[in-house]
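Chains, contacts and geometry: an overview
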Amino acid sequence: MKNVAKTKEKKGFLIDAADMFKDPGLTILISLVFLTFLVFIIYPFSKLIFLPTLADWKTAFTSNKVFQAFWHTMASSLLATVTAIVMGFSFAYAMNYTNIPGKKFFRVLALLPNMAPSVMTGLSFLLLFGRRGVITYRIFRLHFDPYGWFGLWIVQSIAFFPLAYITISGVLKSISSNVELSAQNLGASGLRLFRTVTLPLAIPGIASAFLLVFINALADFGNPKLVGGNYGTLATLAYTTVTGNYDMPLAAALSLFLVAPSLLVFILQKYFLDRRSYVTVTGKPSGRLVRDVVSLPVKVVLFVICSVISLMIMLLIGGVVGFSFTETFGVNNTFVLKHFYSNVITSKTMGNSWHLSLVAAAVTASIGVMLGYLVNRKRFPGRGLADFLAMLPACLPGTFIGLALLISFNSPPLMLTSSAAIIVIGMTIRQIPVGYRNAVAGFKQIDKSIEEAAANLGSGSVHTFVTIVMPMLKNPLSICLVYSFMKCMNTLSTVIFLVSPRWNLASNSILNLADFGSYGGAAATALGMMLIILITFGIAKLLLKDKINIFDL
């Protein structure tokens, strides 16, 4: 092709700016994006960072209570993260490298804790294994005290294990079997093959899972409040500092203590992963090769591990179901519907959660796709900054985001506290990285020449985006909608500072009901949230059929 001459693409701030201003639609879109970032991310985060005075920092650094809470937070989060990673990796390895019986059942069951708020795990754990728990006290007459670091460790490990499993499973699934088969042909097998090939290739998944689980455990509010007892953490201390003393500057300092370790883990993860290549998919055909790298004894061990984890999940969910439909499960097992009827069917908080989560999911998906389009398809000044700001909430604890919004929008001209809008904004900011990354993945599968052809025919950026790009992004858009909806329904740490008597949410109701000893109501609320999410998933699957893989992870 002699006529095809490669021309070097001109780059630079002025050239990007000139290109942007040539397209009025693109200029307006980019201006709106940066205005949104400025108002809802840069402004609240900056206000929270600069709110504490020197005296507040001195109090925070010299207080034994704060030091103890920080130590408790770090210790419990690291312990739960390591345990969840081991459980998640074992489960993911079994699902991707073996043909053990019951894989479909295990896969579906492993996702169920992810569909419920993390506080459900703590609630069910107390009801079954607490001081008057159905299993520990009613059946075995044991005097077991679950409150403290031990109970919190178990509860957070189970609650966040699905997150580790999903993340690691995605990476294991993408490892080309050619690499392991080549190593086998060269004499590697068993533990050596696992240690020298499979495990190193799975490091990106393990590192990502570590970051996600660690941040979630760090910012977890419900489980430490329910199960922690006197083992206070930074999230619970920040909450009591706001609700008890209304000391916003000190609460801001405490929430910043949560950000520091999250950012450190994020930077370390980026530093180590960026230094090495983990590419195994080269485009060369694998000839439908099937790897068989797991021996029978290892399969048996993995089957036992999956069975034990699944049994624990079934016990916890079974406890929630039992308390939802009995007068007092284990004491008076009379079947009743009153808990479910009053806390799910006629519950205003359940309706609020459903409505606001739907809106937040739609907004998240729309903004995510728009950001993905701009950053991946267009050149404009500040493109790198837009990418950074879109991913920033991924490494911030939910309590930090919630508190930043509360502090920033509790006075005119943007008085949003106690409104539905601030809850939707909090949910959206928390889920923006999900929508953005989904959109980026979708754009990588679409040839840019399609959009260039539309542009050559005279179509503007906005018209091309609406009429050509959006229809081709139906699948990543639908995945983003479904998962954002699920996470918005379950979120607690982000909205704990934003809910109000008018706009209370179901995840917060679970905590309040449990505090008042209404365990049947709390269990019914948790079960109702799971059912609503499952029904939503079912409808999405029915409408989109094979275009969306919800349970096949």
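Described below are features of the structure shown in this document. What you see is a predicted model, and the numbers here were worked out from it, not measured in a lab. (Residues numbered from 1 in each chain as written. Predicted model: local features only at pLDDT ≥ 70, side-chain atom pairs only at ≥ 80, totals over all residues. Heavy atoms only, no water.)

1. Brief notes about the nonpolar core
Core analysis: the biggest nonpolar cluster contains 162 residues, and Phe45, Phe91, Leu172, Leu403 and Ile423 have the highest contact counts within it. Top contributing element to this core by residue count: helix 4 (residues 64-97), with 13 residues. Residue contributions to this core reach at least three from each of two domains, namely domain 1 (21-50 + 336-552) and domain 2 (65-279 + 290-335). (Core = buried A, V, L, I, M, F, W, Y, C linked by side-chain atoms within 4.5 Å. Buried < 20%, exposed > 50% of the residue type's maximum accessible area, 1.4 Å probe, protein only. Helix = DSSP H or I, 4+ residues; strand = E, 2+ residues; numbered from the N terminus. Domains from an automatic or database assignment.)

2. Notes on the pattern of salt bridges
The tally for this structure, following the rule as stated, stands at three salt bridges. With its nearest N and O atoms 3.4 Å apart, the salt bridge here joins Arg131 to Asp145. On the criterion of sequence distance, the pair formed by Arg131 in the loop between helix 6 (118-129) and helix 7 (134-139) and Asp145 in the loop between helix 7 and helix 8 (149-174) is long-range, its members being 14 residues apart. For Asp515, the salt bridge is made with Lys225, and the minimal N-O distance between the two is 3.0 Å. One end of the pair, Asp515, is in helix 24 (residues 506-515); the other, Lys225, is in helix 12 (residues 222-227), and 290 residues separate them in sequence. Residue classification places Asp515 among the partly exposed positions, given a relative accessible area of 45%. For Lys225, a relative accessible area of 33% gives the class partly exposed. (Salt bridge = Lys/Arg side-chain N within 4 Å of Asp/Glu carboxyl O.)

3. A short note on the packing of helix 2 (residues 24-50) against helix 17 (residues 348-377)
Running from amino to carboxyl end, helix 2 crosses helix 17 at an angle of 120°, the nearest separation of the two axes being 11 Å. When the axis of helix 2 is compared with that of helix 17, the two are oblique. In the crossing of helix 2 with helix 17, the sense of the turn from one axis to the other is left-handed. The segment helix 2 lies against helix 17, with Leu26, Leu29, Ile30, Val33 and Phe37 engaging Met370, Leu371 and Leu374. Considered class by class, the residues forming the contact of helix 2 with helix 17 number eight nonpolar, no polar and no charged. (Axes fitted to C-alpha atoms, helices over the stretch in contact; angles between N-to-C directions. Parallel < 35°, antiparallel > 145°, perpendicular 65-115°, else oblique. Left-handed = near helix turned anticlockwise from the far one by under 90°. Contact = heavy atoms within 4.5 Å. Nonpolar A, V, L, I, M, F, W, Y, C, P; charged D, E, K, R; others polar.)

So, to be careful, I would describe these as geometric facts and stop short of saying anything about function.
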